[in-house]
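# A look at the structure
This is what each chain is made of:
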Amino acid sequence: MNATSFALADSVTMLRRNLLHAKRYPSLTFGVVIMPVILMLVFNFVFGGALEKSSGGNYIDYLTPGMMLMLPAYLTVAVSVSIASDKTKGIVNRLRTMAIFQPSMLAGHVIGALIQALIGVVIMVAVALLIGFRPDANPVEWVAVFGLFALVMFAFSWLGVALGLIAVNPESASNLPFPLVMMPFLGSGLVATDTMPVGMRQFAEYQPFTPLTETLRGLLMGTEIGTNGIIALAWCAGLGLVGYFWSTSLFRKQTV
């Protein structure tokens with residue numbers, strides 16, 4: 001086997017380990033995946049009547065694309081906590097003595113989170129359809145929706161890995177990604193940005209979740225995407241590269 005094959009095999013092994021942990025502790029996965037679905041139901045049925053005017057139509061159609069992006073935000077916390085837990089339990093130190101591809105542990109967490117996110121978004125879309133969500137996307141647009149969602153999750157997972165590596169313990173790791181959890185609420189996911197005060201509107205329009213939301217909304221509902229698609233891909237690439245190089249650099253320093 002060449003180096004690439006070894007790296008792939010080790011990453012698959014670490015992915016299997018991550019999925020086994022998720023199976024043994026389903027409450028954590030259930031909470032992270034289901035909480036965004038609960039929030040979607042709350043906003044639709046509690047606040048939907050008041051917010052429907054700002055959406056210009058059926059509020060669940062406006063809300064669902066934004067709530068889909070709550071899943072990567074919440075799962076970033078789970079990745080951060082898992083990495084910090086492995087670090088404090090000595091897993092990283094144990095890897096020092098093993099003849100494996102060292103970053104495979106990180107890849108296992110990232111791919112495991114991606115799988116959980118895809119399951120979660122399927123559940124969210126199914127629930128949204130049950131309560132009145134009516135997208136008009138064709139099959140190609142649905143593929144693009146899930147592709148963009150996977151890119152977002154991949155990018156934010158690497159940020160979660162880096163935050164978990166710099167955290168001193170799992171408790172602090174759960175707090176570090178808090179700004180990422182709040183950012184979907186401060187974008188165009190819940191209400192149109194033109195209803196916000198000037199300072200808040202400027203922040204909402206230039207943070208990553210707004211172009212991501214508008215791209216998903218355009219693909220699902222046929223609204224205008226404009227430059228949001230390019231900006232969304234740029235954010236995914238930028239955040240993913242920063243997270244990857246930051247986390248692998250931290251990991252090498254902790255395993256030398």
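All values reported here derive from a predicted model rather than from experimental measurement.

Conventions adopted
Residues numbered from 1 in each chain as written. Predicted model: local features only at pLDDT ≥ 70, side-chain atom pairs only at ≥ 80, totals over all residues. Heavy atoms only, no water. Helix = DSSP H or I, 4+ residues; strand = E, 2+ residues; numbered from the N terminus. Buried < 20%, exposed > 50% of the residue type's maximum accessible area, 1.4 Å probe, protein only. Contact = heavy atoms within 4.5 Å. Salt bridge = Lys/Arg side-chain N within 4 Å of Asp/Glu carboxyl O. Core = buried A, V, L, I, M, F, W, Y, C linked by side-chain atoms within 4.5 Å. Patch = residues over 30% accessible without salt bridge, like charges linked within 9 Å, V, L, I, M, F, W, Y side chains within 5 Å. Areas by Shrake-Rupley, 256 points an atom, 1.4 Å probe, with all protein chains shown as cover. Axes fitted to C-alpha atoms, helices over the stretch in contact; angles between N-to-C directions. Parallel < 35°, antiparallel > 145°, perpendicular 65-115°, else oblique. Left-handed = near helix turned anticlockwise from the far one by under 90°.

Quick look at the overall build of the protein chain now. A count of helices and strands for the protein chain gives 12 helices and zero strands. Starting at the N terminus and walking to the C terminus, you meet the elements of the protein chain as α-α-α-α-α-α-α-α-α-α-α-α. The buried share among the 256 residues of the protein chain stands at 50%. Pairs at least 24 residues apart make up 81% of the contacts formed inside the protein chain by residues separated by at least 6 positions.

This brings us to the pattern of salt bridges. Taken as a whole and assessed by the stated rule, the structure comprises one salt bridge. Measuring nitrogen to oxygen at the nearest pair gives 2.7 Å for the salt bridge that ties Glu214 to Arg217. Remark: Arg217 and Glu214 occur in helix α11 (residues 209-221); sequence separation between them is three residues, near one turn of the helix. Judged by its relative accessible area of 3%, Arg217 is buried.

Met40, Leu63, Met67 and Val161 are the most contacted members of the largest nonpolar core, which totals 69 residues. At the level of secondary structure, the elements contributing two or more residues to this core comprise α2 (26-55), α3 (59-68), α4 (70-88), α6 (104-130), α7 (139-166), α9 (178-182), α11 and α12 (228-255). For this core, the leading source of residues is α7, giving 13 residues.

A separate point is the environment of Val81. For Val81, the location among the structural elements is in helix α4. Judged by relative accessible area, which is 25%, Val81 ranks as partly exposed. Sequence separation of Val81 and Ala167 is 86 residues, and the distance between their C-alpha atoms is 8.7 Å.

A cluster of nonpolar residues, Met35, Ile38, Val42, Phe45, Val46 and Phe47, forms a patch on the protein surface that exposes about 540 Å² of accessible area. Following the sequence through the fold, Phe47 ends up in helix α2.

Where α7 meets α11, the axes come as close as 9 Å, and the angle between the chain directions of the two elements is 160 degrees. In this view, α7 runs roughly antiparallel relative to α11, as classed from their interaxial angle. For the crossing formed where α7 meets α11, the hand is left-handed. Between α7 and α11, the residues in contact are Glu141, Trp142, Ala144, Val145, Leu148, Val152 and Phe156 and Phe209, Leu212, Thr215, Leu216, Leu219 and Leu220, respectively.

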